[in-house]
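Spelled out, the chains give:
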Amino acid sequence: MTNVSTTAGDKQAVENQPVPKSKEWKGLYPKVTVRLNGPLGDVVDELQEATHAASPSDVVKRALVIYHTLVKQKLAGNEPYIEQKEGDTTKRIPIFL
């Protein structure tokens, strides 16, 4: 039920209510727990070590943020790519989504 009181005390009480667990956020991202085995687990471990991520979950969170950004760029009509340097030349390799 929504609180419609207009007193300052009631407004403060409503604002101080805890957020439901389904909407809890830690930092900018929702809580994620990840356990991956086999080759995909090895990839996550490699990325965690290379990027100094705090946990495997942090690797997945970062990957989702990057993927989201790439998809938004694609939907905006842009063509994301990787620049591969070979000596003095630069080659553009498209990222297919």
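Reading the values: rules and limits
Residues numbered from 1 in each chain as written. Predicted model: local features only at pLDDT ≥ 70, side-chain atom pairs only at ≥ 80, totals over all residues. Heavy atoms only, no water. Helix = DSSP H or I, 4+ residues; strand = E, 2+ residues; numbered from the N terminus. Buried < 20%, exposed > 50% of the residue type's maximum accessible area, 1.4 Å probe, protein only. Contact = heavy atoms within 4.5 Å. Areas by Shrake-Rupley, 256 points an atom, 1.4 Å probe, with all protein chains shown as cover. Salt bridge = Lys/Arg side-chain N within 4 Å of Asp/Glu carboxyl O. Patch = residues over 30% accessible without salt bridge, like charges linked within 9 Å, V, L, I, M, F, W, Y side chains within 5 Å. Expected span 1.5 Å × (residues − 1). Pairing = 2+ DSSP bridges.

1. A closer look at the overall build of the protein chain
Of regular secondary structure, the protein chain possesses 3 helices and 4 strands. Mapped in sequence order, the helices and strands of the protein chain form the string α-β-β-α-α-β-β. The 97 residues of the protein chain split such that 9% are buried. Long-range pairs, those at least 24 residues apart, make up 22% of the contacts in the protein chain with a sequence separation of at least 6. Accessible surface computed for the protein chain: about 8700 Å², of which carbon and sulfur atoms make up 57%.

2. Structural notes on the pattern of salt bridges
Within the structure shown, the criterion is met by 3 salt bridges. One salt bridge connects Lys 74 with Glu 79, and the closest N-O pair in it is separated by 2.9 Å.

3. Let's talk about a nonpolar patch on the surface
On the surface, a cluster of nonpolar side chains totalling about 330 Å² of accessible area is made up of Leu 36, Leu 40, Val 43 and Leu 47. Position of Leu 47 among the secondary structure elements: in helix 2 (residues 38-51). Here Leu 47 falls in the partly exposed class, since its relative accessible area comes to 42%.

4. Let's talk about helix 3 (residues 56-75)
Each α-helix winds once per 3.6 residues, and so residues spaced three or four apart point in a common direction. Between the first and last C-alpha of helix 3 there are 29 Å, a value that for 20 residues agrees with the 28 Å anticipated at 1.5 Å per step. Inspection of helix 3 places Ser 57, Asp 58, Val 59 and Lys 61 among the buried residues, and these make up the whole buried set. Backbone geometry just downstream of helix 3 places Gly 77 in the positive-phi region, at approximately 95 degrees.

5. Considering the pairing of strand 4 (residues 89-94)
Both strand 3 (residues 81-86) and strand 4 contribute to a ladder of 6 bridges, which runs antiparallel. Opposite Ile 82, over in strand 4, you have Ile 93 as the bridge partner.

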